[in-house]
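Below, each chain spelled out in residue letters.
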Amino acid sequence: MAAADITELQRPSTTAEGQAREALTAMLVQIVGPAGVSVDLDQRRLHSQDVWSVADQTVELVVAPGSVDELSRVAAAVSAAGFAIAPRGGGMSYTSAYIPTVDKTVSLDMSRMNRVLRVNADDMTVTVEAGCTWAALDAALAPLGLRTPFWGPMSGLTSTIGGGLSQLNAMFGAGHYGTSSESVVALTVVLSDGRTLRTGARGPDGDTPFYRHYGPDLAGLFCGDAGVFGIKAQVTLRLMRRPQHEGYVSFAFSTGEALLTAMAEFTRAGLSSEMCAFDPGLTKVRMKRASLATDVKTLGAVIAKDKNLVSGLFSAAKIAMGGRDYIEAEEYSVHLIAEGRSKAGVAEDLDAARAIAAAQGGREIENTIAKVIRANPFPPLNSMLGPEGERWAPVHGVVSLSQGPALFAALQALFAEMGPAFEQQGVYTGYLFTAMSTNALIIEPVFYWPEARHALIDAAVEPQHLARLPTLPENPAATALVAEARRRVIEICSAFGCGHFQIGRAYPYRESRDEAAWSLIEAVKATLDPAGALNPGGLGLTATPTRPA
Ligand SMILES: Cc1cc2nc3c(=O)[nH]c(=O)nc-3n(C[C@H](O)[C@H](O)[C@H](O)COP(=O)(O)OP(=O)(O)OC[C@H]3O[C@@H](n4cnc5c(N)ncnc54)[C@H](O)[C@@H]3O)c2cc1C
């Protein structure tokens, strides 16, 4: 703990609220030690922001437990003192999910619970602490020739497995294996009163989980819960052997409709372990943002990934010479990664993708982007700023395969209507598209606008990248316009019956449920978190934490 913190702690408070905070702080220091508790104002402010929002309130304390036992005692102490608990993983979300909504909130920083606890290659499971990042897990498994089926979002350098299960994720492995929660075997969850709840069939010692579906799916209850039901403490995930062969193919299409029709058919056919696509707007941003420095790093990663140095150098040379000009300014591009047990199987999947693309008028282009994505899956999180230092915020809908083109057309109509206002405020847009398992597309409009950065962005983006960007002044009018556009995108998604990841406090989950389903959600919340301490207002639940009698 910093000296300033200690001085602040030692200064006796005169108000009842201040005294309650002091008593709680002292108790937490006893549980986790002084290094695990912070009252520092900058730290508290940092934990009161996410990528999109800055809360009106500031958390009172930041506490970082180092074990399940400490976590359990911290949760019990915080909720008994009548404070709300806001679990925070990497803090890389943008749906106001963990920021404080009530005055008395403690930020629960999971960064000390970041270990890979057990790789059990016999039972094909791995158990991690929930604050472990996806990048750290993959780095631990790679030398063993193992992987989890879903193996991370692109934010995985910083974002955590606990955060990814609370929000659900798209990206690596999702094409074959679905979202993050579909790779879960079992959870150890700490409830807000400190009790521990464990799920799954757990082996002879009760602590070697190996199979998820023993009775009702209790693990599923905590997946996508926006952290309102319990605190994920430990997570056991499935393992698989790393596929021996990978292949890459990219196509360009002249319209979004052709792109999404082809993506739906790639998805039905189950051809790619992951795919991502960009509209012309996002392609322009990517071209502007890329710098020589990142290119050199990327080429190094491409060479390192290839088992054969000569072909790695050849790929890198092709990427360097091909530059980024192989996608025409107004084209939509999609990038597929296929993986499998045999080279021939992968080649067949790529050929099947070529036939599907050709049927939609797609043109095969250099597969550079697909290769680069796989060579460097967890890059630094610099893409959370635009090429001129603009702010960035995505919003998305998970849409059925048949409805993708119609949803896209409706969103395009919205952006055309808002075009003059966007232009006036300097707002511009792009789209990222991806797919989920064999049954959904994800359409993610992305906004860029001139607005000052807040502390969370400065903390997350690499300093050398920040140094190259201008510092922009505050621009509440442009931010309000983006907020309105995000809200209207969500309204359109609702009309298409979309699902959403990262529900947090942004997506209308409650409104989309029938009465019986919502009663169940409320009953579960009342049973697991009777004080309403965890992320009040998350998932559309009531925002007022009540102190237990
Ligand atoms: C540059 C960038 C790229 C991204 N790429 C992707 C992508 O490819 N795919 C994708 O799906 N998302 C992506 N995201 C979004 C985001 O990173 C993910 O949603 C990620 O899962 C957030 O994880 P986190 O650990 O940062 O969670 P946080 O933001 O810290 O928390 C998210 C939610 O989970 C809860 N929570 C966190 N830990 C726990 C816990 N242990 N127990 C209970 N609740 C908990 C929090 O209270 C909050 O409600 C990206 C974001 C950025 C900035």
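Let me begin by describing the structure that accompanies this report.

About the cut-offs
- Residues numbered from 1 in each chain as written.
- Predicted model: local features only at pLDDT ≥ 70, side-chain atom pairs only at ≥ 80, totals over all residues.
- Heavy atoms only, no water.
- Pairing = 2+ DSSP bridges.
- Helix = DSSP H or I, 4+ residues; strand = E, 2+ residues; numbered from the N terminus.
- Contact = heavy atoms within 4.5 Å.
- Axes fitted to C-alpha atoms, helices over the stretch in contact; angles between N-to-C directions.
- Salt bridge = Lys/Arg side-chain N within 4 Å of Asp/Glu carboxyl O.
- Near = heavy atom within 4 Å.
- Polar contact = N/O pair within 3.5 Å; in protein donor to acceptor, adjacent residues only side chain to side chain.
- Nonpolar A, V, L, I, M, F, W, Y, C, P; charged D, E, K, R; others polar.
- Parallel < 35°, antiparallel > 145°, perpendicular 65-115°, else oblique.
- Left-handed = near helix turned anticlockwise from the far one by under 90°.
- Buried < 20%, exposed > 50% of the residue type's maximum accessible area, 1.4 Å probe, protein only.
- Phe/Tyr/Trp six-rings, centres within 6.5 Å; stacked < 30°, edge-to-face > 60°.
- Lys NZ or Arg CZ within 6 Å of the ring centre and 35° of its normal.

**Quick notes on the sheet that holds strand S1 (residues 37-38)**
Pairing between the strands of a sheet comes from backbone hydrogen bonds, and it takes one of two forms, parallel or antiparallel. Spatially, the four strands line up as an open sheet ordered S1-S2-S4-S3, and their pairing is mixed. Among the strands making up the open sheet, the edge pair consists of S1 and strand S3 (84-88). Strands S1, strand S2 (61-63) and strand S4 (105-109) of the sheet are contacted by helix H2 (residues 16-32), whose axis makes an angle of about 15 degrees with S2. Along the sheet face, helix H4 (residues 68-80) touches S2, S3 and S4 and points at about 145 degrees away from the line of S3.

**Here's the deal with the pattern of salt bridges**
What the rule picks out here adds up to 25 salt bridges. Across the pair Arg112 and Glu70 runs a salt bridge whose closest N-O atoms are separated by 3.7 Å. Residue Arg112 is found in the loop between S4 and strand S5 (116-120), and its partner Glu70 is found in helix H4; the two are separated by 42 residues along the sequence. Here Arg268 ties to Glu265 by a salt bridge, and the two come within 2.8 Å at their closest N and O atoms. In this pair, Arg268 and Glu265 are both assigned in helix H9 (residues 256-269), three residues apart and thus about one turn of the helix distant. Each of Arg147, Glu246, Glu274, Glu339 and Arg374 takes part in one network of salt bridges that share partners.

**What about the sheet that holds S5?**
Overall, antiparallel pairing links the five strands, which are arranged S5-S6-S10-S8-S9 in an open sheet. Unpaired on one side and paired on the other, S5 and strand S9 (196-198) mark the two borders of the sheet. Taking the axes of each pair of neighbouring strands and ignoring which way they run, one obtains an average angle of 10 degrees across the sheet. As paired strands, strand S8 (residues 184-190) and S9 are joined by three bridges and run antiparallel to one another. Among the inter-strand pairings, Val190 is bridged to a residue of S9, identified as Thr196.

**Regarding the site of the ligand**
Close contacts around the ligand come from 36 residues, with Pro87, Gly89, Ser93, Ser155 and Thr160 the closest. Within the side chain of Asn169, an N or O atom sits 2.9 Å from an oxygen atom of the ligand. Counting residues per element, the ones that place at least two in the shell around the ligand are S3, helix H6 (161-167) and strand S10 (231-238). For the shell around the ligand, the leading source of residues is H6, giving five residues. Among the residues forming the shell around the ligand, the class breakdown is 16 nonpolar, 18 polar and two charged.

**So, the packing of H9 against helix H15 (residues 404-425)**
Contact geometry of H9 with H15 gives a least axis separation of 8 Å together with a crossing angle of 150 degrees. Between H9 and H15, the interaxial angle falls into the category roughly antiparallel. Two packed elements cross with a definite hand, and for H9 against H15 that hand is right-handed. Contact with H9, carried on its side by Gly256, Glu257, Leu260 and Thr261, involves Gly404, Pro405 and Phe408 of H15 and no other residues of that element. Each residue belonging to the contact of H9 with H15 can be placed in one class, and the counts come to three nonpolar, three polar and one charged.

**Considerations on unusual backbone geometry**
Phi at Met171 is positive, roughly 130 degrees, even though this residue is not glycine. Its place among the elements puts Met171 in the loop between H6 and helix H7 (174-177). Classification of Met171 by relative accessible area gives buried; the value is 7%.

**Re the packing of H2 against H4**
Taken N-terminus to C-terminus, the directions of H2 and H4 make an angle of 170 degrees; their axes are 10 Å apart at the nearest point. The angle between H2 and H4 places the two elements in the roughly antiparallel class. On H4, the residues that touch Leu24, Met27, Leu28, Ile31 and Val32 of H2 are Glu70, Arg73, Val74, Ala77 and Val78. When grouped by side-chain class, the residues that make up the contact of H2 with H4 number eight nonpolar, no polar and two charged.

**Overview of the packing of aromatic side chains**
Using the criterion set out here, one finds 18 aromatic pairs in the structure. A cation over a ring is seen here: Lys104 above Phe83, with NZ or CZ 5.1 Å from the ring centre. When the ring centre of Trp52 is taken as origin, the NZ or CZ atom of Arg486, which lies over that ring, is 4.2 Å away.

**Quick look at the pairing of S4**
Of all five residues that make up S4, five are buried, and the element is covered over most of its length. Here S4 shows a buried face lined by Thr105, Ser107 and Asp109 and a second buried face lined by Val106 and Leu108. Of the pairings in the sheet, the one linking S2 to S4 comprises three bridges and is parallel in character. Bridge assignment links Val62 to a residue of S4, and that residue is Ser107. Bridge analysis of S3 against S4 gives five bridges, and the strand direction is parallel. Bridge pairing in S4 places Arg88 opposite Asp109.

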